[in-house]
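Residues per chain are reported as follows:
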Amino acid sequence: MRVVTTMVATIHAQFLGVKKDFDMWRDAGVTLILSLIFADVLESARFSPPGKPKLTGCRSPEKETFTCWWEPGPDGGLPTSYSLYYRKDNSDTVYECPDYHTAGKNSCFFNKYETSIWVNYNITVMATNALGSSVSDPVDVDVVYIVQPHTPENVTAVVYTDDDDDPFLLARWEPPRKVDTHSGWITLVYELRVKLEKGDTWEEHFAGQQKQFNIFSPRSGEVYMVQVRCKPDHGFWSEWSPISYVKVPDYIHRERSMWILIAVISAFVFLIFTWTVKHNSVKRFLLPPVPRPKIRGFDTQLLKSGKSEEVLGGLVIQGFPPTSDYDDLLVECLEVYDEEQELVVDGKDLQEGCLKSKSRSDSDSGRGSCDSHTLLMEKCGGAKEGPPTVLNGKQGQAGRGPLEKSNSHGHRLDAAESPDETNGSLSTVFSSQQQSHKPSSHSIPEIPRQCRVPGNHCPSTHQHDYKESLADAACLGKPLAGYRCMQAYSDHNIHKIGHKREATFQTSKSTGYVEVQKVEQENMLIVNPIAKEVRDLYHPEPTGQDYSKVNDVVNDNVLLLQREIAAKNQVAGNPTENCPHQQAGKPAIHTAVPLHYEVCLASNGYVTQPQK
Amino acid sequence: MSLRPLNLHSEPSVIFLVLLCLEPRVRVQSAPICAQGYAGCQLRSLADLFDRVIQHSARMHGLSSDLHSEFEQYFLPSKNQIGRINRKCHTSSILTPNDKENAQRLAREELTEVILKLLAAWRDPLSQVHQSMAHREDSFSSFSSNRALEMSDMVHQLRSGVEKVAEKMQLLGMISNSLSSVSSSAEALPSSSSSSSAEALPLPSSRGSRSRSHYELLHCFRRDSDKVQSYLKMLKCRIVPEHGC
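Chain B is annotated in an unreviewed UniProt entry as Prolactin from Aldrovandia affinis. The UniProt entry for chain B carries the following text under Subcellular location (unreviewed entry): "Secreted".

As annotated in an unreviewed UniProt entry, chain A carries the name Prolactin receptor and is attributed to Aldrovandia affinis. The heading Sequence similarities (unreviewed entry) in the UniProt record of chain A holds the text "Belongs to the type I cytokine receptor family. Type 1 subfamily." The Subcellular location (unreviewed entry) comment attached to chain A in UniProt states, word for word, "Membrane".

Okay, structure coming up:
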């Protein structure tokens, strides 16, 4: 409109044709027009009726009052006023909010006189400014369902120690101040949450309607943070109360201290037990020794050192094979070497056996059995090789012939030659049924051990095994080194003595010593088989009836046998005497045995070869 | 001690009798459960009764609010319907205190009476809801009808429970004996409620309107069950305050 008027005014001025005034008028008009246009434009951009506000929510802290808040919309540039209106329970009466200030800006507070429970409020907010107004969307509110109390108050947490029990945390609180729980108007339920100060997660506990809560077994020395909140029956949870701190003093769990005590006491008892009872038995009980293969006497260390001899030496069991009183069971092998007459050897095998070589070192103590035929032969063979037997230094006397006999066993006598009485040949020797003749070498300290032979036990048991009773170079047995081989006589010819007479005398199974009955023709002995118990051959001074000691050697070919007891034998012969140290023996020489070669009668009654 | 007639024909009973008479310790005597004395024990039992009743009402309220919210989601998704809760509840004729002061100002007997009235007013409408929804075939309707039936039964049980509480209170002299009129006045309500509902609502011909009426009914019932619960709590804390108030 104004624009038009001004324009009209301008045109009119122009039409009037005022010459000089027209320029002035024209300038003023233009200015006016421009300013008006400008103002108009500005005005339309800035001002408008307010936008729609929005009710954000209503809350009641104690079910007696409540507050509503809204959000203003765009206000259109002009100062806008807000007003809240409500209607109760479908009535058409509209009320306006009584209190806009108590609860802050953009809020409406309903006090308890204006608040009705179980009544439906229909609330709207209107925004008004110079240009217009707008109304928000209505909201229906029933106070019962919008209750959100304040936080619980006076939240305290303490460490509660009940006599000697373990301490626990006791948290206590009170309902928010305004909520009336005593009259039953509101029923509150509580919730508690706990956290270690160093920890990250909260531990929540529902406490129901009670106003205290126990937290058991807190960590000793730690600081705990406690918070509580509450909620009415149907409503909203309150905010968490401010944090309460509580410090737990250092303590040890009763249960743990009890267990520690029990552990200590039981350890103590166990220690005492192990010391009072023997170490070993406990040790053996707990860790039984694992049986390992072990050879007694075998020293592995020694083996490693390379001294096999010593090692093997340790393996030899002293005293094996078991000997009893067979000490004197050395059967002497009387080898009679008769140049004229070869002794018959019984059995080929024997001969063969004798030729066998025998290994010298035989460390196997278990080898050999009496019963072994071959063994016997082996021994013989071995003997032939010339084992280093020691015969008290009398070894070298090969030439003389084997004699040796030693024991004055009555039965055996072989005289090699009896220059005087015999024809120079002595037949024999027979065996003394003693299968296990072992050439005894009473004084042979070292003897090849191989000679084990029908050994000790043989005499007692297996006599029948041997047909050739006689000697053979059988070894024998026993004592000392355990294996004496009478092959001491190896130097000399060892012959198996045949059994010519064997059959005759094989009546008994005992170690047959044979008693010489008589001597015939000066070179024959007739003996009586005697079945007696085994005698120990190796007995320097045999006692008993069956043994005869040589008392004297007469004429170099006669043995004077001494009999202390009633003698059965009577032998006549020419004893030779050649020994330098012969001692007059005991009297009562009953027998004499012709000898074919020189012998010495030692002081102990044994016949030996003279030392020249 | 009970006296039994002698029956000479049966030996065991004779023996028993003899024993009973001879041994004084065998005789049975009634002993009080609580040791606080007669009055204390009575109060204790009253408080327990109240607790039971309050729990029952709480359960009832929970059921009603569940059903109401389900109905809201199922049938009426849009919340911007004007005037949807403009209907008055049929129980609005019953004067009920709407805030704490008014409730406290009411006498015990009156408060009890209000509770009983409310409970009496709801039994029939709920069974009606149940019946009307039972005919439908959709799953929600059958579910709601079962719930409605359940709530109807609960209302009935609660009512009888409150009646027992009232009797006990009368017995203990805490309230006067003026409650006999409750039941009679309550009977008048259903008819009025049905008539009012008939007036207020259009004939429930269409499904939608029927649902709407159910929804509003449930809305009213939810509110009333909460009232009942609150009133009971207040009554308890007024009568037996030392037992958890």
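### Let's talk about the overall build of chain A
Scanning chain A for helices and strands turns up 10 helices and 25 strands. Put simply, chain A has 612 residues, and 47% of those count as buried. Contacts in chain A between residues at least 24 apart in sequence constitute 66% of all its contacts with a sequence separation of at least 6. Split by element, the accessible area of chain A, about 32000 Å² in all, is 54% carbon and sulfur.

### So, the interface of chain A and chain B
Many authors give the size of an interface as the accessible area that is lost as the parts come together. The interface of chain A with chain B comprises 24 residues on the first partner and 23 residues on the second. Carbon and sulfur atoms supply 45% of the area that chain A and chain B bury against each other, a total of about 1900 Å² over both sides. Residue Asp 89 of chain A is joined to Arg 223 of chain B by a salt bridge in which the shortest nitrogen-to-oxygen separation is 3.9 Å. Here chain A is connected to chain B by 8 residue pairs in polar contact (both at pLDDT 80 or more). The class makeup of the residues in the side of chain A that touches chain B is 6 nonpolar, 10 polar and 8 charged.

### Observations concerning the pairing of strand 6 (residues 120–128) of chain A
Residues and elements named next belong to chain A. For strand 3 (residues 81–88) and strand 6, the ladder comprises 8 bridges, and the chain directions are antiparallel. The residue of strand 6 that forms the bridge with Tyr 82 is Ala 127. Two strands pair when backbone bridges link them, and strand 6 and strand 8 (residues 139–142) are joined in this way by 4 bridges, in the antiparallel orientation. Pairing of Asn 122 across the sheet is with Asp 140, part of strand 8. Alignment of strand 6 against strand 7 (residues 133–135), held across 3 bridges, turns out to be antiparallel. Each bridged residue has a counterpart across the sheet, and for Ala 127 the counterpart in strand 7 is Ser 134. The turn joining strand 6 and strand 7, which pair antiparallel and follow one another in sequence, is formed by 4 residues.

### Remarks on the sheet that holds strand 13 (residues 212–216) of chain A
All names here are of chain A. Spatially, the 3 strands line up as an open sheet ordered 9-10-13, and their pairing is antiparallel. Among the strands making up the open sheet, the edge pair consists of strand 9 (153–160) and strand 13. The average angle at which neighbouring strand axes cross in this sheet is 15°, direction not considered.

### Let's talk about helix 5 (residues 139–171) of chain B
The end-to-end C-alpha distance of helix 5 of chain B is 48 Å, a good match for the 48 Å that 33 residues give at a rise of 1.5 Å each. Of the residues trailing helix 5 of chain B, Gly 173 of chain B is marked for its positive phi of about 80°.

### Points about the packing of aromatic side chains
The geometry of an aromatic ring pair comes down to the distance between the two centres and the angle between the two planes. All names here are of chain A. Counting across every chain of the model gives 14 aromatic pairs over all chains. Measuring from ring centre to ring centre gives 5.9 Å for Phe 110 and Tyr 121, while their planes differ by 65°; the resulting arrangement is edge-to-face. Taken together, the positions of Phe 110 in strand 5 (residues 107–110) and Tyr 121 in strand 6 put the pair 11 residues apart, joining distant regions of the chain. Given a relative accessible area of 0%, Phe 110 falls into the buried group.

### Describing the packing of helix 4 (residues 108–134) of chain B against helix 5 of chain B
All names here are of chain B. Where helix 4 contacts helix 5, the axes come no closer than 8 Å and their chain directions differ by 160°. The orientation of helix 4 relative to helix 5 falls into the category roughly antiparallel. Seen from above, helix 4 lies across helix 5 with left-handed handedness. Split by residue class, the contact of helix 4 with helix 5 holds 17 nonpolar, 9 polar and 3 charged.

### Notes on the sheet that holds strand 14 (residues 223–232) of chain A
Consider a sheet: its strands pair through backbone hydrogen bonds, and that pairing is either parallel or antiparallel. Residues and elements named next belong to chain A. Here 4 strands make up an open sheet; going across it, the order is 12-11-14-15 and the pairing antiparallel. A strand with exactly one partner marks an edge of an open sheet, and here the two such strands are strand 12 (203–208) and strand 15 (244–247). Shown here is a sheet whose adjacent strand axes are inclined to one another by a mean of 30°, direction ignored. Note that strand 11 (residues 188–196) and strand 12 share 5 bridges and pair antiparallel. By the bridge assignment for strand 12, Val 194 is matched with Glu 203.

### Observations regarding the side chain of Asp 142 of chain A
Relative to the helices and strands, Asp 142 of chain A is located in strand 8. The buried category is assigned to Asp 142 of chain A, whose relative accessible area is 11%. At a separation of 3.4 Å, a polar atom in the side chain of Asp 142 of chain A contacts the main-chain amide nitrogen of Trp 118 of chain A. With residues near it in sequence (within four places) discarded, Asp 142 of chain A still touches Ile 117, Trp 118 and Val 119 of chain A together with Arg 223 of chain B.

### Here's the deal with the pattern of salt bridges
Note that side chains of opposite charge can pair when their charged atoms are close. Under the counting rule described, the total for this entry stands at 16 salt bridges over all chains. With its nearest N and O atoms 3.4 Å apart, the salt bridge here joins Glu 153 of chain A to Arg 177 of chain A. With Glu 153 of chain A in strand 9 and Arg 177 of chain A in the loop between strand 10 (168–174) and strand 11, the pair connects residues that are 24 residues apart, well separated along the chain. Given a relative accessible area of 22%, Glu 153 of chain A falls into the partly exposed group. Asp 180 of chain A is the salt-bridge partner of Lys 100 of chain B, the closest N and O atoms lying 2.8 Å from each other. Taken together, the residues Lys 100 of chain B in helix 3 (residues 100–105) and Asp 180 of chain A in the loop between strand 10 and strand 11 connect one chain to another.

### Here's the deal with unusual backbone geometry
Residue and element names in this part refer to chain A. Backbone geometry at Lys 63 places phi at a positive 70°, although glycine is not the residue there. Structurally, the position occupied by Lys 63 is in the loop between strand 1 (54–59) and strand 2 (66–71). Positive phi values are uncommon outside glycine, yet Asn 154 reaches one of about 55°. Among the residues examined, Asn 154 registers a relative accessible area of 51% and is labelled exposed.

### Some remarks on the UniProt feature "transmembrane region" (unreviewed entry) in chain A
UniProt tags residues 258–277 of chain A as "transmembrane region" (unreviewed entry). Strand forms 0% of residues 258–277 of chain A and helix 95%; the C-alpha atoms that close the span are 28 Å apart.

### Focus: the state of the cysteines
In the structure shown here, the tally under the stated rule is 4 disulfides over all chains. At a sulfur-sulfur separation of 1.7 Å, the disulfide partner of Cys 97 of chain A is Cys 108 of chain A. Taking the sign of the S-S torsion, 110° for the link of Cys 97 of chain A and Cys 108 of chain A, the bridge is right-handed. Highlighted residues: Cys 97 of chain A in the loop between strand 4 (94–96) and strand 5 and Cys 108 of chain A in strand 5, separated in sequence by 11 residues. In this pair, the class of Cys 97 of chain A matches that of Cys 108 of chain A, namely buried. The disulfide bridge from Cys 89 of chain B ends at Cys 220 of chain B, spanning 1.7 Å between sulfur atoms.

### A closer look at a nonpolar patch on the surface
All names here are of chain A. A grouping of Val 30, Leu 34 and Ile 37 is seen on the molecular surface, where their side chains present a nonpolar patch of about 250 Å² in accessible area. By secondary structure assignment, the location of Ile 37 is in helix 2 (residues 19–46). For Ile 37, a relative accessible area of 39% puts it in the partly exposed group.

### Overview of the nonpolar core
The biggest cluster of nonpolar side chains holds 93 residues, and the ones touching the most others in it are Phe 66, Leu 84, Tyr 121, Ile 123, Trp 173 and Leu 192 of chain A together with Met 169 of chain B. If one sorts the elements of this core by residue count, helix 4 of chain B sits on top with 11 residues. Excluding residues that lie within four positions of it along the chain, Tyr 121 of chain A makes contacts with Phe 66, Tyr 86, Arg 87, Lys 88, Phe 110, Glu 114, Thr 115, Ser 116, Val 139, Asp 140, Val 141 and Val 143 of chain A.

The rules behind these values
- Residues numbered from 1 in each chain as written.
- Chains lettered and ligands numbered in written order.
- Predicted model: local features only at pLDDT ≥ 70, side-chain atom pairs only at ≥ 80, totals over all residues.
- Heavy atoms only, no water.
- UniProt positions renumbered as here; feature names shortened; annotations may be inferred.
- Helix = DSSP H or I, 4+ residues; strand = E, 2+ residues; numbered from the N terminus.
- Buried < 20%, exposed > 50% of the residue type's maximum accessible area, 1.4 Å probe, protein only.
- Contact = heavy atoms within 4.5 Å.
- Areas by Shrake-Rupley, 256 points an atom, 1.4 Å probe, with all protein chains shown as cover.
- Buried area = accessible area lost by both parts, 1.4 Å probe.
- Salt bridge = Lys/Arg side-chain N within 4 Å of Asp/Glu carboxyl O.
- Polar contact = N/O pair within 3.5 Å; in protein donor to acceptor, adjacent residues only side chain to side chain.
- Nonpolar A, V, L, I, M, F, W, Y, C, P; charged D, E, K, R; others polar.
- Pairing = 2+ DSSP bridges.
- Axes fitted to C-alpha atoms, helices over the stretch in contact; angles between N-to-C directions.
- Expected span 1.5 Å × (residues − 1).
- Phe/Tyr/Trp six-rings, centres within 6.5 Å; stacked < 30°, edge-to-face > 60°.
- Parallel < 35°, antiparallel > 145°, perpendicular 65-115°, else oblique.
- Left-handed = near helix turned anticlockwise from the far one by under 90°.
- Disulfide = S-S within 2.5 Å.
- Patch = residues over 30% accessible without salt bridge, like charges linked within 9 Å, V, L, I, M, F, W, Y side chains within 5 Å.
- Core = buried A, V, L, I, M, F, W, Y, C linked by side-chain atoms within 4.5 Å.

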